[in-house]
Structures are given as structure tokens and as C-alpha cells.
Amino acid sequence: MEIRVDVKKRFEKFTIDADFAVAGERIGVFGESGSGKSTLVGLMAGLHEPDQGEIVLDGDCLFSSRNRINVPAERRHIAIVFQQPSLFPHLNVRSNLLYGYKRRIVEQRSVDFEALVSVLHLEDLLARGVNNLSGGENQRVALGRAVLASPRLLLMDEPLSALGDDLKFQIIPFLRSVSEQFGIPFLFISHSLVEMRLMADKVLVVAGGRIAEQTTTDALARSRMGLSPVGYINLLKLASPRRLDGLFAYKWGREELLISAGNDKAEAIFELSSKDIILFKQHPEAISARNLFKCTVANTFAAGNRIGAELVCGEKTLVAEMTRQAAAELGVTEGCELFAAFKASAFRRLG
Amino acid sequence: MKNGHLQRLLCLFILVLPMASASAGEVHLSVAASLKDVCNELTDRFAGSHPGVKFMKNYGGSGALAKQVENGAPSDIFISANLEWMEHLRERRLVDTTSICTFACNSLVFVGFADRGVFALKDLHKLERIAVGSPKSVPAGTYAMEALKNAGIDRQLGKKLVMARDVRECLMYAERGEVDGAFVYNTDALQARHAKILFAVPQELYQRVIYPMSLTVTGSRNADAAAFFRFLQSGEAKGVLDKFGFAVK
Amino acid sequence: MLALTPADYDAVGLSIKVALTAMAVSLPFGIVYAYLLTFRDFKGKVLFEVAVNLPLTLPPVVIGYLLLRLLGKQGWLGPLLEAAGIRIIFTWKAAVIASAVVGFPLLVRSIRIGMESIDRQMIQASRTLGAPWYDTLATVILPLSLHGILAGSSLMFARSLGEFGATIIVAGNIPGVTQTIPLAIYEYASSPTSEELAMSLCVVAVAISLVALFLHEVLGKKLVRRN
């Protein structure tokens, strides 16, 4: 999907002036609250009219102040998943799901109802009213409803912000699989870097109503490392745990990671902060940390007042950080060998 | 001592004086609507020769007026358009029986517009809307319904009848053209500007229209009211009545 | 025991017929008006807001008189109506119009409250799912403002039952045709001999109002529970 946007709109207390062109299937929009992300969503979907500018999707002009084009929202086929599900309370789950579907002409329906219900595990909910659904069920129905409208683009405006951590990382797989399975590109808006890294490859950074930069999610995470109190979050998708000595051992390339916060589920995602990885010049004689690996420095980078080092352990990569002084003392350079250690308790499980 | 007494007497006198003059100078009239114009002229003439007398005039349907008097509305003289409502107050001892007498007489006519082909009661079915005073409280309406019933056409005209709250409202409906015709008194018809008398209702079909008048019990204690009451029976008053088209017995 | 004359039964039937018709005729206009005031912005919107509240503040007799000047034989629309062969003054249609005008502000007010309580994001969702404004109105806004519509309708119904000032001027007091309950009671009230009949009719009027209000409460609660 190719998106070209150049819009200006002045509100009472806030002006949005966004100019970008991006191509991809999974694009993120990242920014603090109040930076203008939701406004951008509204303008792209046709819910508000820009003062001037242009919005072009895959070559189709949706808005052009110069040519006096303004395709109304109901014909743009851009569906939105909001932060609050906004399901129709007077319709049951099935009717909610089919709302957009029914309004598409048959030839344009690219999503099959049964297939979607199966992917989102909504079979048991179909006959229920929407007033007694849990938070996660609500959002799955909202997602299903948006996807069944066979949109050309799915805008997800902070869809996980209202959910607890547990639920967030349960829903993320649904968000991605639905998009992949039915071939619907999405724009994922969030203020959480972790969510962004799990959902999107490219990201637009919004601040003060403007597009501050356009980059990849990983590069963004690395550049934020020095500023963030949690450093760079290494995201590890691990599987096949076994219990060992009161801990959980997960396969990690040719190695095993010992994690205290694991569980018996076949798969899980873990966070390991760059700040929690301790580096040794030589193999320590004995160490309480249960995870100790020999690794090679692939490259180093500056991030604020810290130095980040990309470490390769076997086939896997981790990012660690240290002060400039520490980097100098250890002689951290590209290609050198180090030992990385981190405790089993340093991992945080997502979902 | 004497000065103190005198002062107190003076105060009392000053306090009483306005009250005395107030009740002395006011005369409350409850008069049937059809007598409005003639009554206005009579009160003007009387006030001309009796300065200091103030008339409070209440015109309306005789039944409504009777009910107001019954409920305590101030009234010194009551003139009704039929005997029924005078009888009503007499039974309740609200009027001075000895003063009851006839003020004037009238007759019932039908007014409307000339181009409808209406010349008699039997032609009324051709019209769509006919105004008539509410027979429950307006004598002109009672007379009209009596005539229609005796002529045998009251049921036929059933839904065409618009109820008015007094005979003047009847006339107004006719004048405005909102109804095709109205039952009013001969004297009202003479006041009409647009509507014309199409026919007189045959007298044998309804009771004679007689206006009884009387002093109310409070009125009989009011010197000015009594004086005006005598004036209403005078030759001058009869002359005015005649001028307005009222028959005088 | 209730003492009611045939004319009284006529009055009761007429009152209900006029009130229901006024309600039915006003509903579509009321819904559109409330929709425009709630969801649309346009030049001169303030005038619309003021206009719809005007009948609430004017004395009903003034409204009746203005309607007469508008629709009467010598009124502004008089010649037009006469040419079309339409007769309004002193017919039951006039009674319906009087009730409709007088009750309209109550209707719009209630519907508006119902519409304003709808989450805007729901309406945005509806649009992005492909529903144009009229589709959204019919499938999302109306079902969700049903309690407001019902509340407004029953309020208007009750108000119509009691309408007198405008009705007597523009529809006149015609037993069997325009004499609704208030007009019948007024006629009785002018007559000293009809106390018992008047009272009977009053009792009926109160009973009908109670039923209308009771229904309004019960239906209102049902809808609140559903939403």
C-alpha cells in the first residue's frame, strides 16, 4: 500500500501539518498523547476535512483541496479500530460483525465471514449481546467488524491502550494474523514502543502535529535507548519451555535461556532490558546469574550519553548498553569478544 | 384632650371616606352579550348626568354570567337573555325578587352570505359550518336549538354546528367568513358589516326572547345601582333600545 | 358513577384521535429537526434553536391567533388553500395542527437529549463501515435514541390532551368534530347546571393522562435496561 498525505488543519488550540509518503503493509504511527496521531487518523478516514492538502491511497485521490475532491468517509473504505470498541449496543455480535460487510457490494467483499470468525475465535460469541463482553472480547469483535468491511486500509487508533498488559499481548497476534491472512494493510497508532515493535516494521513519528521522522521501528527503539528509563527492550519470542531447578528453560538458538517468569505455555514473548545485561571482558569464575553467554560485538552505536552494543550469541542477537567510560574500559569495539550475563529474574513476560 | 379626640376622629373619617366613596360610586353590571352596544350607550348617558358613578361592565353568555354571580363575582345588576338564568339566581336568592322586570325583547335571525341559496331553515343543510351559541349557557343558542328541534332538522345539522361562547362570538365567526352562517339576534345583525340577514327564524318555533333584569341582593343596597336601575326603565332608555332595534313591551 | 353524554364520549374519542394524529404527524419532522440540531453545523443554526423553543414560551392563544392569521379565509395562506379546496379552520385538522405546534418543542427536546447521549465514536464507526448519513440515522441513531423518541411522544400526547387555547381559536368548539375534552369541560364550566357532567369528564381526562404517563414510565424503563 502506498500512502501519500500532505494535510494542514487548524483547530482551536492545535494545528496539524503532516506531510509524508510511505509504502508498506504494516506501518506504525508513534507519538505521545496529544501529538496529533488521532487527528491524523480522522483526517485520513474522512471524518474531518483538512483545510488544505491532499490524501492519496495507492494512486486513488481521496482528498484534494486543489482539485476540490473530497470522497466522503463512507466511500473511502478505510476502517478504524478505536481505543474504545464502540460496538453497536442494540445489535448482537453477529450483526455488529456484519454491519460493514452488508454495506459492501458482493464483488468487493474480500473477507470471508466464517474464516474471520474462526481466526478471531468468535464462534461462541456470535449470538450474544455486546454489553456483557470482556475487554478482550470487545476488541476482537471490533477488529472483526472493521476487517469484514473489506477495507483497503485498516487504521488502528491505540486499540490496545484500554486493555491490561495481559490482554494486550494476547490480542497483538490476532491483529497481525488477521492482517496477514486477509491481506489488509494497516496503520497502527500507539504511544507504546513495545507495541509498535511487535506490530509494525516502518514507523512515522508524530510530534506537535507534524511528522518528526520516518524510520524503522528497530532504529527508533535504538535511538530512544539513551532517553528511556528502561533502555532498549530486547523482545524475545521463545518456545518449548521445560522446568529446571525452579526456573523455566526456553530454547534460544543453540542455547537455552533460564527465566523465572516463564510458564508452561508453548510460546511466550519476553522483554529483557539492555540495562540488565552485564558485560565481562573475561569469563567470570562463578556467577549467580544463570544466563551467561559468549558473544561477539556486531556493531556499536551512540544513543544519548550511552553506548549501545549489538551482541551476537550463536544465531541470536541482543542489544546491551553501557556508559562511555565502561565501553572504553572494556575496549568494546566491533568484532571483539565479550561475555554477557543476565539473571533469570531480569526477564519480564508479555501476555 | 379635646384636640386629641378631634384628631382621632379626623383620622377615622379620612380612612373611612375613600371606602365610602368607592362603594358609593361603583356599579357592577352583568349583562347579556347581545346588549353590549345598547348598554354602553345607556351607561354613557347616565354617567354624563351623574358624575362620580363608575361602571364595571361584564358582558357574556347569560349562563356564564349567572355562574359567576353564583360564585361570588361582584354584581349589582343582572340582565339575562332568557328567563332560565334569572330563575336560576332567583332560586338561589341572589337577586332582589321584587325588582325583577322585563328590560327588552328581541327576535332570532340567521345571518350569512347571500350567494348560497339559503332562504329558510330547510336550506341550512347546504352549508358546511353554522355558528350557534352554546345551548348549555348562551340563550341565543338555546333559542336556536329549540327552533331547529321544532323544525325537525337538529339532528340533520349535527356536526355542522360550531359552539360559540356568546352571541357576539357567533357574529364574529360569521363576519370573518370562518362559518357559512350564524344564528344571532336581530339587533346583532343590524350591527353586522359583512354578513347579511338571510331570514328571520319563525317565531312559532321558539320561545319569545325576553330580557329580564334585576338588582342583585348587593345591588339593592347600592344607591347608585338602584338609580341606574330606575333609569333603565325610563322613557329615555326605551328610546335608546328602540334605536338599536330592540322591541319594547 | 360516571355520567357521560354521547357528546362526552365523542369528546374523549376526539381527544385521543387528535393527540395520536398530532404525535404521528410531528414525529418525522421532530426526528429530522433533532438530528440537524444535534449532528450538523450550519449557518443560522441558532435561529433554528430559538424557533423550536418559541411555542413553549408563547401563550397558546397567541399561537392560535397566529395560526388563524396564517390559515384563515383572510389569512396569508387563505387564498392558496381555498384555491386548492383545502379547508382547515374549524375542522379537526386545525385541532391537530394546534396540538402539533404547541407540542413540537417538547418532542424535539426529548429526542435531542436521546440523540446527544449517543457516543459520537459509534457514529464515526458507522460511517467508516460504509453507511451514509441516512443509513447511520436509520440503523444506529434512531434505535439508540428510541427512549428519547418515546419520551417525547408521550409528553406530546399528554400535552395535546390538555391543549385548549390554540385549539379553541383555530378549530372552534364543534361537538363531534373538534370538541376535545378541554373544550367540552370549558363549555360545562360556563354553564351553572352541569357540575356532575363536568366532573365525570374530568375524571376520564385524568384517567387517560395517567395511563399515558404510566406507559411512558414502563416503556422508558424497559429501554434503559436493554441499553
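This structure is a prediction, so every number in the text was calculated from the model and none was measured.

1. As for the domain arrangement of chain B
All names here are of chain B. Domain boundaries assigned for chain B yield domain 1 (2–105 + 210–244) and domain 2 (108–200). Here the C-alpha centroids of domain 1 and domain 2 sit 31 Å apart. Residue-level contacts link 13 residues of domain 1 with 15 residues of domain 2. Counting residues per element, the ones that place at least two in the side of domain 1 that touches domain 2 are helix 2 (36–49) and helix 3 (62–70). With three residues, the top contributor of residues to the side of domain 1 that touches domain 2 is helix 3. Residue classes in the side of domain 1 that touches domain 2 are distributed as five nonpolar, six polar and two charged.

2. Description of the packing of helix 3 (residues 60–71) of chain C against helix 5 (residues 92–116) of chain C
Helix-helix packing is characterised by the crossing angle of the two axes and by the distance between the axes. Residue and element names in this part refer to chain C. Interhelical geometry of helix 3 versus helix 5 gives an angle of 130° and a closest axis separation of 11 Å. The orientation of helix 3 relative to helix 5 falls into the category oblique. Crossing of helix 3 over helix 5 shows right-handed handedness. In this structure, helix 3 uses Pro 60, Ile 63, Gly 64 and Leu 67 to contact helix 5, whose residues at the interface are Ile 97, Ala 98, Val 101 and Val 102. Broken down by class, the residue content of the contact of helix 3 with helix 5 amounts to seven nonpolar, one polar and no charged.

3. As for the interface of chain C and chain A
Each partner contributes residues to the interface: chain C has 15 residues there, and chain A has 18 residues. Looking at the side of chain C that touches chain A, the element that brings in the most residues is helix 6 (residues 120–128) of chain C, giving six residues. Broken down by class, the residue content of the side of chain C that touches chain A amounts to eight nonpolar, five polar and two charged.

4. A word on the confidence of the model for chain B
Note that predicted coordinates carrying low pLDDT should not be read in detail. Taken residue by residue, chain B gives an average pLDDT of 88. The fraction at 70 or more is 92%. Within chain B, the lowest mean pLDDT, 61, falls on helix 1 (residues 2–25) of chain B, and the highest, 95, falls on strand 3 (residues 77–79) of chain B.

5. Examining the interface of chain C and chain B
Facing the 17 residues of chain C at the interface are 21 residues of chain B. Class assignment for the residues of the side of chain C that touches chain B results in seven nonpolar, eight polar and two charged.

6. Section: the pairing of strand 5 (residues 108–112) of chain B
All names here are of chain B. The buried count for strand 5 comes to four of five residues, which makes it a mostly enclosed element. Judged from the four bridges that link them, strand 5 and strand 9 (residues 196–200) form a sheet pairing that is antiparallel. By the bridge assignment, Val 111 is partnered in strand 9 with Ile 197.

7. Remarks on unusual backbone geometry
In most cases, non-glycine residues show a negative phi, while peptide bonds are predominantly trans. All names here are of chain A. If you check the backbone angles, Glu 158 has positive phi at about 50° while not being a glycine. Of note, Glu 158 is situated in the loop between strand 8 (153–157) and helix 6 (165–182). Given 21 C-beta atoms within a 10 Å radius, Glu 158 is considered buried. Positive phi is not limited to glycine here, since Ser 240 has a value of about 55°. The residue Ser 240 is located in strand 12 (residues 233–244) in this model. Accessibility expressed as a C-beta count within 10 Å gives 10 for Ser 240, which makes it exposed.

8. Here's the deal with the sheet that holds strand 1 (residues 26–32) of chain B
Residue and element names in this part refer to chain B. The strand order across the open sheet formed by five strands is 2-1-3-10-4, and the pairing between neighbours is mixed. Looking at the sheet topology across the chains shown, the edges are occupied by strand 2 (54–60) and strand 4 (101–106). The sheet shows a mean angle of 15° between the axes of neighbouring strands, direction not considered.

Cut-offs and rules
Residues numbered from 1 in each chain as written. Chains lettered and ligands numbered in written order. Predicted model: local features only at pLDDT ≥ 70, side-chain atom pairs only at ≥ 80, totals over all residues. Domains from an automatic or database assignment. Contact = placed C-beta atoms within 7 Å. Helix = DSSP H or I, 4+ residues; strand = E, 2+ residues; numbered from the N terminus. Nonpolar A, V, L, I, M, F, W, Y, C, P; charged D, E, K, R; others polar. Axes fitted to C-alpha atoms, helices over the stretch in contact; angles between N-to-C directions. Parallel < 35°, antiparallel > 145°, perpendicular 65-115°, else oblique. Left-handed = near helix turned anticlockwise from the far one by under 90°. pLDDT = per-residue confidence, 0-100. Buried ≥ 20, exposed ≤ 12 C-beta atoms within 10 Å, placed from the backbone. Pairing = 2+ DSSP bridges.

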